[in-house]
Structure formats: C-alpha cells, structure tokens
Amino acid sequence: MTGYLLRRLTLAIPVLLGILFVTFSLARLLPGDPCHSALGEKATPEICAAFNERYGLNEPIPEQFRIYLRDVLRGDLGNSIKFGRPVTELMVERLPVTLELSFFAMTFAVLIGIPLGIVSAYYHNSAADVVTMIGANIGVSMPVFWLGLMLSYIFGVALKDTPLWLPPTGRLTAGRIIEPFYQAWGLDVDGSALTLPGFIANINTLNALLVRDWDGFVDAVKHMILPAMALGTIPMSIIARMTRSSLLEVLGLNYVRTARAKGVHELGVVVRHGLRNALLPVVTIIGLSLGSLMSGAVLTETVFGLSGVGRILYDSITGRDYTVVQGFTLVIAVMFVFINLIVDTLYAYLDPRIRLE
Amino acid sequence: MHSTEPASSNLDLAAADVAIITKPPKSLWRETIERLLRKPSALVGLGLLGFLVTIAIFAPFIATHDPLAVLLDVPEEGVAKRDAPCIHLLGCPGAGDVLVKGVPGEPVAAAALSSTNSLMAAAHGKTISVWNASNGKLLMSLEHDGPVTALDWSPNDQKILAASGEELYIWDINRRALSRTLEHEGGASLVRWNADGTRFLSADEHTVRLWDTLAWTLVAAIESPDPLLAVQWNQNGTLVLTASGSEAKLWNAFVGTEVATLAHDVPLTSASFNRSTNRILTTSGDKLYIWNASTFQRELTIDHVGTLANGTWSEAISRGIQNVMASDGDTAYVWRVTTGEQVLALEHGEPIVQMGGSPLATRIFTRSEHTVKVWDAKSGDRVLTIERDAPILQVTWQSSGGGVFVATSDEISVVKTSDYQYLMGIDGNLRDQFSRVVFGARLSLIVGLTTVTLAVIIGTISGAVAGYVGGWVDNVIMRIMDVMLAFPPLILAIAVVTVLGPGLINALLAISVVFIPAYARVARSGVLAVKEEDFVTADRVLGVSHARILFRRIMPNALAPLIVQATLGIGTAILDAAALSFLGLGAQPPTPEWGAMLGAERNQVFTAPHLVFYPGIAIMITVLAFNLLGDGLRDALDPRLDR
C-alpha cells in the first residue's frame, strides 16, 4: 500500500508541474495587460513601469516562471493585482464558501441519489423504477444555471408567504452576523484572516455550530439549500443511475441468493449483502463528481450571488488578475489530483480483492 | 465471417444425420440498430432528436417572427417588454376583448387611466374609485364632500388630482390619503397635470388657473371672454394653449402672460399641440391649419369641403410619420403634414365626437356616442368595433398602444385592440421569444455536433497514436491529457475563451479543447485492446504501412465506445456552450442562443420567469435527446449491459 501511494505521488509530480506550467502560461496568454486593467486606461507608461517592476512583470518569462515556482513552493501565491491582497488571504475567504456549498450539494446528492437507486433496482421495471430513471435522465440534462434560477423563482417568489419559502440569494440574511468561534471562545487570534481559525470561521454552518448560534445555523443552512439542490442535482442523478445498475448486477449474484436461502430478511439482503458490494462503483462516481462540482460552482455561485472560488475565478479570468487565476486554478487542480488519488486508494480499501501494487 | 456450416456432400435427409445450419449472422451495425430500436428510452431520444432537427431545418417557417426583429412596428404596436406568454389553448385575449373592467354602480362623471396603465380611476357621485388595471381589483375609494367633476393622474401615478365643488383635492395614492386641498373659485370642469408633474392647471368655462406643485401655490389665472373649447400643456410645461372664439392663444405658464395669438377668420372647432409640441393644429370652419409652435407662423393650410372638427394628431416621429386628422360629420379624414395630401377617409357611420392616434401611429380610433371604431392607420381598414349601450364619455389609448381605455356613464374598461399573441412572451428587447427559441435549435445542434466532431477527431488521432506507438510518445501525450483533465472543464473552457476572446466560434473551440482528453483516453484503450491481435501482427508481417494498420485495421474495432462517448458528449457540449453563453463568453447578443437568452434575462427571473423558463427547457430537451440516444447506443453495443 505504502509503495503504491509513493509511486502514485511520484507520478503526480509531472502532472503537477504541467499544471503549474499551464496556469502560468494561461495567465500570460490572457489578452490585455494587467497594468491597465488594474489601474485603469489612463495609467501612464511610468506608472505602468513601476507597476510591472513591483509585480515582477518586466522580468523575462522563464525568469518569471522560476520565481513563480520558488514562491509557490514557499507557499506564497503572490498578491492579487486587483484586490491588492495576498491570494492566500483571498483563498481563506473564498474557499470555505465553495467547500460548504460542495459539501451540502454532495450530501444532498448522496442522501437522495442512493435511496432512489436502491428503490429503483429493488423494484426493477416497476412504475417507481421508470419514474426514477426518467427523473434521473432529466436531472443530468438540466443546465445548472437554469435549475438554479428556476429554484430561486419557485422557492423565493412563487412560494413566498408559505412555510416552504427559502432565501434565493446570499449566504446569510442581511444584517445577521455569526460571531467567529475564536472570538466567542476567547482565543487569541490576530485579526488577519490568514489563519486556519479564519478559514473555519468562514464556513458559516460549522462556525454557527461551534458557537451554538442555532438561529444563525438554521439561517445559514436555509441559504445553502437552494444552491446545494441546484449544484447537487446532476451528481444525484448520476449516483442514482449508478447505484441502480450496480445493485441490479449484485442482486443477481449467487451469494445474494444464498443469503436469501439462509433466511436473512429482505432489508438485510439488500443493504448488508447487496448495497455494500454495489457501492464500489458509486464511490468512484462520487469522487469523479467532486471534480465536476467545481464547474457547476462557477454557475451556481453566479446565480445565487455567493462569493466563492468559482465566482472569483470567473471574475479574475475576465478581469486579468493573473496571480489570482494562477493561485486558484493551481489549488483546484492539485485538489483534483489528490481527490483522484484518495478515490483510488479508497477503492482498494473497500474492495479487498483489489491489490494496489 | 462465414455464414453457413458447409453441409456434407453425401447428405441423406432420410437418415438421422443432422446438418447444422446456422442463420447468417447479421452485420454488427444492423444488429446494433435493431437492438437500439427495441429500447423505449432510445426511441424517445431519437424521436426528440427528430423533432429538434425538424424544428432547426424548418425554423424560418415555424417561427412567427424574425428572431432579431424588435416588435414595435406595424402592426404589432402594444407589445410591452417582458410580456407574459399567451398559450392559445388556455384562452388568450384577442382584439375586442375587455381586459379589465370597473363598475362603480353610479353614473360616472369622469375617468382616467394612469400613465403607466397600471391603475384606473373613475369619479362617480362624491367618490373616486381606483382599480388595479391589470386584474380589475378595486383598490380604494376616495370620498369627497361634493360631487366630483374632474380628475387626472399625476405622470408618475402617485397622485390623483380631483375637482369637487370649489375645491381641488390632491390624493396620495401610496398613503391612500388626502395630501392637500386647494381652492378653485367657481369649481373646475377640467384638471390636467403637465408632463413632468411639477405643475397642473384647473379650468372652468372662462378661467384657467395654473398651479405649482412644489410650493402648492397659484401661479397665474388666465381669463378668457369666450367659453374655452381647448386647454392643453406643452411637453415641458412652459406653455399653455387655450382656444376660444376664433383665437388660439399661447400663455407663459410661469407668469400667465400671453405669448402669442393665433388668429382665425371663423370660430375655432379644435386646437391641439402635437406630442413633441413643436406644432399646433387648429380647425376652424372648412380649414385645417398647422402652426409652428416657436415662430407662431402658419406652416400649412388644408382646405376641405365641409366643416371640420375634433382635429388631432396621428404621429410617431421616430418612425417618420406625422399625420393630422379631423372629422367632418360621419367621416374622419387623415392628411400627411409634410405634403398636405389627404391619405385616408374613414367612414364611421355616425357623427364623430372624438378621435385619437395610437402612440406609434399604427392605429386610429374614432368615437361616436355609442360606438368606438379602431382603424389601421396605414390601410384604413377597420380593425375593431366596440359598442356600448350607455353613452361613452371618453376614450384614450393605453400608453403601450395595445388597447383603448373606454369610459361610459356606467362602467370603465380597457379593451384590447390588437390580435397578436406571443406563445412564449416577449423578451426585454421586445423580441418574440418563441421565434428566438425556434432559431436557437439550429445553433445548439450545430454547436453540439461541431464541438464533438472536432474533439473526436483530435482526441482519437492523438489517443490512437499514443496507444499504437507506445513508449515515450504515449507518455508525453497522455501526461498532457492528464494535465488537461486536472482542470475543472468549465474553468478551462472559460480560460481558453478569455485567451481567444468571447464569441460563439471561440466558445466552440474552447469546449472542443476541453473534451479532447476524454476521447484520447477512450481511443487509446481501444487501440491497446486490439493492438496485439493476430490480424494486426499479420498485417505488420505483410509490410502494411503503420497509418493503414492503425486507421484501417485497429480503429474500426475500437470505434464502438467512441461512438457512445461522442453521443453522450454532444449533450455535455451543448450544456457547456450554453453555460459559456450564459456567462457572456459565448454567443453575443443579439444571436438567438438559448444560454445567452437565459443569461440576458436572468436578473428578471423574479418578475418574468417565462423568459428564463423556455430557453432552459429547450436546452434540457436537446441534451436529454442526446443522453437517451447515447445510453441506448451504449446498451445496444454492449449487450452485457442490456437489462
């Protein structure tokens, strides 16, 4: 196992270097020059020269790449040209939003998708199966942004004045502030957001739980429901379909028949013997979906007015904020590589027949 | 493939000797298609696809409008931004249908529709009732001490000005309360706000009083020896036009001094400003005069046989139309101002008492005591006849031009004058959404097919070469693909589009680039699977060229998964293209692309959800069609999965 992990990590190095190279050159390829987009059209050549000097933009490209590599390895992702703040600081601010959103979306997808898949497989070819599969097919075909807009219309406007109303935008009701847990606990954390406590405090729901602000927690969760539904529908449909086909295959196997013959009750047969073995491909799918969640996050965050990673990436790509583009794509791509690694390892752990050599 | 087991030559059918005759296996393709056609979901997918392709091909015949045309022109006046859709089967109001009605239960003395068409008010007895002009709900009743003789809405719909007894009442509609009372000695029979709501006038038979609404003071009083027959503001509220006897006069609205007199030989029958108040129309005897409103010179005289009255304008300067009209007994005549030639003669059939041109001058109404007729202002055809039992007090055009407000002595109503209906409503740029959705099918199908074709070609070649050649070539190509796969697809596409510049073609290229690794992987594994087969080795021994072996021998055997992947990929490509357009990086306005349509109206989702709903549904159906077809193909090509 350790050997396998080491080899996978070694193999990841060229990919990571490639990612660094791509992010670096993509940022350089973006048309338009960062000086004018940061300082406005009227920046004089002198001001631009000073600007380029400050951000190291007047070095030759290979030198820039070398400096960039050195800084990345030191954990310094540079300063945002537009915001004038360290990229890492922005990350502490934005990443929690997307993580929270992804967590809720995945929870939604798994909690709804797997039971739907089980029902669909168990009552194979019944009306419930047909309806579920039609639903799942429609689910993967829906544009995320459209679903988000329609959900915010249905729950935010059409169901207004009913108990089903949900806030259509934002992370918290305007004016509500949840006290950061480190303040509530009297921890001595300096004001900068550059810290792990700051990161955790930015995950609203978790922070609300930590400070036991129940109203705040309910409010934060309420704001997360619609974005999570919009973002989670595609993974949910994929998970439901995967669970169904995988469970169908397993339920036809001999050991399931044996279990039935032994007199194990149906729930035990389906869940203990069937589902446990059928979940393997589902785990892979969940891992792969985490990747596509980032694409959906750009759209979901746009529709629901959340300032997360997707949103800042879009803004900085179109606003030519080189360092932010580099920093965030790098972190996302690295997360991707490691999620894939974790999924592969988990796969072996769940299925003892697979040996990782 | 051999088709029959050769039967032995000394076959004796009488003997128990058995000849094994296998049915000739069908070709793989035929078998696949037959299996595909047995799957209901694939059939649905094929059906949807056929439907979409038909729509895309026949789009010009299916669409009711030009997808880029702004629908404000003849004869579609009355179109409003983000109009709700109207589905015929569910009953759409047509021309002549009463859209909304208010019945006060007492004789109506005066009535008015607010300038945004959202409220309407009627004065009856001592009360003014206000209705919501979209659903006909009675909103409020404003009570007065005496009978109300005149009323008018302020231009922003916030206030009602009413005359009752010797008082003028100003009601605040938001607070539903009286905000002020002013005194008009002798009682006013007419009240009018100016166009920006900073002034208003009140008039009785001989006096016009001008009021300031900032200080709420009387500015001036204009006396007229003869009874007034017309009182009108100019556009910016600096001049007041009065007509009495044989003179039309213009007054300074700030101090009440006379500015000019337009003298006529015969007593006047009507006088009115045009909408931009640069001209004045007067009728007197058998003549119609057009005056310049700044030099006060006569510009045009139109001679007519018969007595003219009710002179008014039918103009839309933006469309280059400036006509005047006047009635002579039962007939209305329309003249072109630029040339003075008579354009139309509209036979109303009864004595005409009022006429009006629609805001864009596409329609004209004429009114007699019990009948309103609406005419096409270009052809002179009669569009509509509205009959009322009770005498009609007043008719005005809705400011949108889609209907007329008719006040009779027992009810007030808004009657639709146009028959045009929009299946999916009107977008924020006044275009027909249905036509745009129909034309969008073309773009989406083209985008889906071209992106995937491009990605398949590049991906397959690079993947096949990697798999076939192996070694460092394989390593380099597949590591590049790994790097590309490490980026979230949409983020990579956004980055590529930003490098190339926004636009449909660039979005298309960006999506192709993002999809290449998927096909490269599939092609490579397909090649690896058959690379070591005997027939490949045989070819190699025979000295067949590498390219021929790869593309003629190996690839056809690795094609099946590629086809499945490509079909499913079209759906994803359409979704991603729509997402890019939604973000403003793909198709640029005014291209009728579904994602772009959705993106343009996304901020209006709370007020006009239909503008978001229909393009989204269209995207969903298209993607669904390809997904169902792809799933069906996968099952058909791999019978093991068929269940």
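Here, the structure is the one placed above.
Residues numbered from 1 in each chain as written. Chains lettered and ligands numbered in written order. Predicted model: local features only at pLDDT ≥ 70, side-chain atom pairs only at ≥ 80, totals over all residues. Heavy atoms only, no water.

A. Examining the overall build of chain B more closely. When its secondary structure is counted, chain B shows twelve helices and 32 strands. Whereas a compact globule of 643 residues would reach a radius of gyration of roughly 26 Å, chain B reaches 38 Å, over 25% beyond that. Each principal axis of the C-alpha atoms in chain B carries an extent, and together these give about 130 × 65 × 50 Å. In chain B, which comprises 643 residues, the share counted as buried stands at 53%. (Helix = DSSP H or I, 4+ residues; strand = E, 2+ residues; numbered from the N terminus. Rg over C-alpha atoms; globule rule 2.2 N^0.38 Å. Buried < 20%, exposed > 50% of the residue type's maximum accessible area, 1.4 Å probe, protein only.)

B. Local environment of the pairing of strand β8 (residues 167-172) of chain B. All names here are of chain B. Burial runs high along β8: five of the six residues are buried. Relative to β8, strand β7 (residues 159-164) runs antiparallel, the two being bridged by six bridges. If you follow L161 over to β8, its bridge partner there is I170. Linking β7 back to β8 in an antiparallel pair, the connection comprises two residues, with G165 at a positive phi of about 60°. Relative to strand β9 (residues 177-183), β8 runs antiparallel, the two being bridged by six bridges. Opposite W171, over in β9, you have L178 as the bridge partner. (Pairing = 2+ DSSP bridges.)

C. Representation of the nonpolar core within the structure. Counting residues in each nonpolar core, the largest one holds 158 residues, and the members touching the most others are I19(A), F145(A), F328(A), I494(B) and L580(B). In this structure I19(A) touches L330(A), A333(A), V337(A), V483(B), A486(B) and F487(B), once residues within four positions along its chain are discounted. The next biggest cluster of nonpolar side chains, apart from the first, holds 17 residues, and it includes A121(B), W153(B), I160(B) and Y169(B). (Core = buried A, V, L, I, M, F, W, Y, C linked by side-chain atoms within 4.5 Å. Contact = heavy atoms within 4.5 Å.)

D. Main features of the pairing of strand β15 (residues 239-244) of chain B. Residue and element names in this part refer to chain B. Among the six residues that make up β15, six are buried, leaving the element largely enclosed by the rest of the structure. Here β15 shows no split at all, with L239, L241 and A243 on one side and V240, T242 and S244 on the other all buried. In this structure, strand β14 (residues 228-233) lies alongside β15, joined through five bridges in antiparallel fashion. Bridged to L228 within β15 is S244. Two elements, β15 and strand β16 (residues 247-252), share six bridges in a ladder whose sense is antiparallel. Bridging across to β16, L239 finds its partner in N252. Between the end of β15 and the start of β16, which pair antiparallel, lie two residues, with G245 showing a positive phi angle near 60°.

E. Quick look at empty space enclosed by the protein. Overall, the coordinates contain one cavity of 30 Å³ or more when judged by the stated rule. What the largest cavity holds in volume is close to 30 Å³. Around the largest cavity sit L26(A), V325(A), T329(A), F487(B), I491(B), L492(B) and A495(B), which together line it. Where the lining of the largest cavity is concerned, the elements lending two or more residues are α15 (322-350) of chain A together with α6 (489-500) of chain B. (1 Å grid on protein atoms, 1.4 Å probe; cavity = no way out; pocket = protein on both sides within 12 Å on 5 of 7 lines; lining within 4 Å. Points joined across faces, edges and corners; volume = space filled by probe spheres on them.)

F. The arrangement of the interface of chain A and chain B in detail. Each side of the interface is counted separately: chain A has 43 residues, and chain B has 39 residues. A buried area of about 3700 Å², summed over both sides, lies between chain A and chain B, and 80% of it is on carbon and sulfur atoms. Counting across the chain A and chain B interface gives one salt bridge. One salt bridge connects R241(A) with D631(B), and the closest N-O pair in it is separated by 3.0 Å. If you look at where chain A meets chain B, you find five residue pairs in polar contact (both at pLDDT 80 or more). Secondary-structure elements contributing two or more residues to the side of chain A that touches chain B are α1 (2-29), α6 (127-141), α7 (144-158), α11 (214-251), α13 (266-304), α14 (309-318) and α15 of chain A. Residues belonging to the side of chain A that touches chain B are distributed by class as follows: 30 nonpolar, ten polar and three charged. (Buried area = accessible area lost by both parts, 1.4 Å probe. Salt bridge = Lys/Arg side-chain N within 4 Å of Asp/Glu carboxyl O. Polar contact = N/O pair within 3.5 Å; in protein donor to acceptor, adjacent residues only side chain to side chain. Nonpolar A, V, L, I, M, F, W, Y, C, P; charged D, E, K, R; others polar.)

G. Structural context of the sheet that holds β15(B). Residue and element names in this part refer to chain B. Read from one edge to the other, the open sheet built from four strands follows the order β14-β15-β16-β17, with strand pairing classed as antiparallel. Unpaired on one side and paired on the other, β14 and β17 (258-263) mark the two borders of the sheet. The mean inter-strand angle of the sheet, taken between neighbouring strand axes irrespective of direction, is 15°. Both β16 and β17 contribute to a ladder of five bridges, which runs antiparallel. Pairing of A248 across the sheet is with L262, part of β17. (Axes fitted to C-alpha atoms, helices over the stretch in contact; angles between N-to-C directions.)

H. The arrangement of the packing of aromatic side chains in detail. Applying the stated rule across the entire model yields 17 aromatic pairs over all chains. Ring plane angle 20° and centroid distance 4.3 Å describe the contact between F145(A) and F582(B), whose orientation is recorded as stacked. Of this pair, F145(A) sits in helix α7 while F582(B) sits in helix α10 (residues 559-582), which puts the two residues in different chains. Of the two residues, F145(A) and F582(B), both sit in the buried class. Taken together, the ring pairs in this structure connect F21(A), F24(A), F65(A) and Y68(A) into an aromatic cluster. (Phe/Tyr/Trp six-rings, centres within 6.5 Å; stacked < 30°, edge-to-face > 60°.)

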